[in-house]
Amino acid sequence: MQRLIPTGEAARPVAFAQVPQPIPEPGEALVKVEAFAPNRGETFLLERPRPGLLPGKDIAGLVVQAAADGSGPGIGTRVVGHPAQGGWAEYAAVPTHSLAVLPDGIESSRAAALPLAGITALRLLRTAGSLAGRRVLLTGASGGVGHYVTELAVGAGAELTAVTATPVRGERLVELGAEVVHGVAAAQGPFDVVLESTGGPDLPVALAKVRPGGTLVWFGQASRTPVTLDFFQLLGGPERVTIQHFHYAGAPYAPDLAALVRLVERDRLHPEIGRIADWTETADVLVDLRERRIRGKAVLLTGGTR
């Protein structure tokens, strides 16, 4: 079968290779991949790929071999999945605890955009707690996670301010009900909750906008710049602020995937897909995703010739 593997080259991060079809473990189903969605964090891993890296965590497709232990969906079932790796291929072995069944009304291209960004959004908002009537600041809001967080938080009653680099990248967020600003300094605090994903110099600025007793949830460092906090500067800012580190990972993923599918099916969640392309264009799409030239998610379809 065909699989995309890392090259270590910045301008062409992946290339096709002919490899054996994966052999599933007893608790894994074999899925024929119809669509996959790369994440920006994966583009960073491809810059200096570790030996054996098989990229691909967000897929949708068809079960062609059910799990030998009897768990999970049967042959012929359409699914969305979140394997640990290996999803950028014609076939992927996916643990059944990381699969959810897709209804006929949700096409694979939309479903593939759900897993990592959608699970992150769900778990991030659970961490933040009840948001009804609360003021929320979201940084780095124009990516896949940001769009999901915005729609879910506004739907839960939050008054949300989203930070994007440009007006164009914030257009859909405005439609979803957010107030959009183009720099953390421009956000009008105080905020009950700050969801911070950029790191670098933005985090201290965002922290200063938290109300006394509020919370900053730190869930990313998209700027790739470490954060510096000055204890004495904090004395002049908000009091008793909690900084909470967050990372989404932790199986099982099936319940959250199923929740995301239900939200989409009920028209309460709408994946923001900035580009759909044949997987022969994956290398170019990865470069554009890394350089922030794609708003929301990118989805690759495996149906083209290779």
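Now for a description of the structure that goes with this document.

Basis of the calculations
Residues numbered from 1 in each chain as written. Predicted model: local features only at pLDDT ≥ 70, side-chain atom pairs only at ≥ 80, totals over all residues. Heavy atoms only, no water. Helix = DSSP H or I, 4+ residues; strand = E, 2+ residues; numbered from the N terminus. Buried < 20%, exposed > 50% of the residue type's maximum accessible area, 1.4 Å probe, protein only. Contact = heavy atoms within 4.5 Å. Areas by Shrake-Rupley, 256 points an atom, 1.4 Å probe, with all protein chains shown as cover. Lys, Arg positive; Asp, Glu negative; His and termini not counted. Charge placed at Lys NZ, Arg CZ, Asp CG, Glu CD. Salt bridge = Lys/Arg side-chain N within 4 Å of Asp/Glu carboxyl O. Phe/Tyr/Trp six-rings, centres within 6.5 Å; stacked < 30°, edge-to-face > 60°. Axes fitted to C-alpha atoms, helices over the stretch in contact; angles between N-to-C directions. Parallel < 35°, antiparallel > 145°, perpendicular 65-115°, else oblique. Nonpolar A, V, L, I, M, F, W, Y, C, P; charged D, E, K, R; others polar. Left-handed = near helix turned anticlockwise from the far one by under 90°. Pairing = 2+ DSSP bridges.

Turning next to the overall build of the protein chain. When its secondary structure is counted, the protein chain shows 9 helices and 15 strands. Across the 306 residues that make up the protein chain, the buried fraction comes to 53%. Considering only contacts in the protein chain between residues 6 or more positions apart, those separated by 24 or more positions represent 69%. For the protein chain, the accessible surface area stands at approximately 13200 Å², while carbon and sulfur atoms represent 53% of it. The positive charge centre, built from 29 side chains, and the negative charge centre, built from 30, are 2 Å apart in the protein chain.

Looking now at the pattern of salt bridges. Under the defined criterion, the tally for this structure stands at 14 salt bridges. Across the pair Glu-175 and Arg-172 runs a salt bridge, and its minimum N-O distance is 3.0 Å. Placement of the pair is Glu-175 and Arg-172 together in helix 5 (residues 167-175), with a separation of 3 residues, close to one helical turn. Here Glu-175 falls in the exposed class, since its relative accessible area comes to 60%. In the salt-bridge network here, residues are joined through shared partners; they are Glu-171, Arg-172, Glu-175, Glu-272 and Arg-295.

Turning our attention to the packing of aromatic side chains. Counted by the stated rule, this structure contains 4 aromatic pairs. Pairing Phe-16 with Trp-279 gives two aromatic rings, centres 4.8 Å apart and planes at 85°, and the pair type is edge-to-face. A residue pair is termed long-range when its members are at least 10 positions apart, and Phe-16 in strand 2 (residues 14-18) and Trp-279 in the loop between strand 14 (273-278) and helix 9 (282-290) qualify at 263 residues. With a relative accessible area of 30%, Phe-16 lands in the partly exposed category. Ring geometry for Phe-36 versus Trp-88: centroids 5.7 Å apart, planes at 25°, classification stacked. Of this pair, Phe-36 sits in strand 3 (residues 28-36) while Trp-88 sits in the loop between strand 5 (78-81) and strand 6 (91-95), and the two are 52 residues apart along the sequence. In this pair, the class of Phe-36 matches that of Trp-88, namely buried.

Two elements in contact, helix 3 (residues 115-128) and helix 8 (residues 254-265), have axes separated by 10 Å at closest approach and are oriented at 95°. Classed by the angle they form, the pair helix 3 and helix 8 counts as roughly perpendicular. Residues Pro-115, Gly-118, Ile-119, Leu-122, Arg-123 and Arg-126 of helix 3 form the contact with helix 8, whose participating residues are Asp-256, Leu-257, Ala-259, Leu-260 and Leu-263. Per-class residue counts for the contact of helix 3 with helix 8 are 7 nonpolar, 1 polar and 3 charged.

This paragraph deals with the packing of helix 3 against helix 4 (residues 144-155). Look at helix 3 against helix 4: their axes get within 8 Å of each other, and the N-to-C directions meet at 45°. It follows that helix 3 is oblique to helix 4 by the angle criterion. Every pair of crossing elements has a handedness; the one defined by helix 3 and helix 4 is right-handed. Residue-level contacts link Ala-117, Gly-118, Thr-120, Ala-121, Leu-122, Leu-124 and Leu-125 of helix 3 to Gly-144, Val-145, Tyr-148, Val-149, Leu-152 and Ala-153 of helix 4. When grouped by side-chain class, the residues that make up the contact of helix 3 with helix 4 number 10 nonpolar, 3 polar and no charged.

A sheet is described by the order of its strands in space; here 6 strands give the open sequence 10-9-8-11-12-13, paired in parallel fashion. At either margin of the open sheet sits one strand with a lone partner, and together these are strand 10 (179-181) and strand 13 (242-245). Recorded for the sheet is a direction-independent mean angle of 20° between the axes of neighbouring strands. As paired strands, strand 8 (residues 135-138) and strand 9 (residues 159-163) are joined by 4 bridges and run parallel to one another. Looking at the pairing, Arg-135 lines up with Glu-159 of strand 9.

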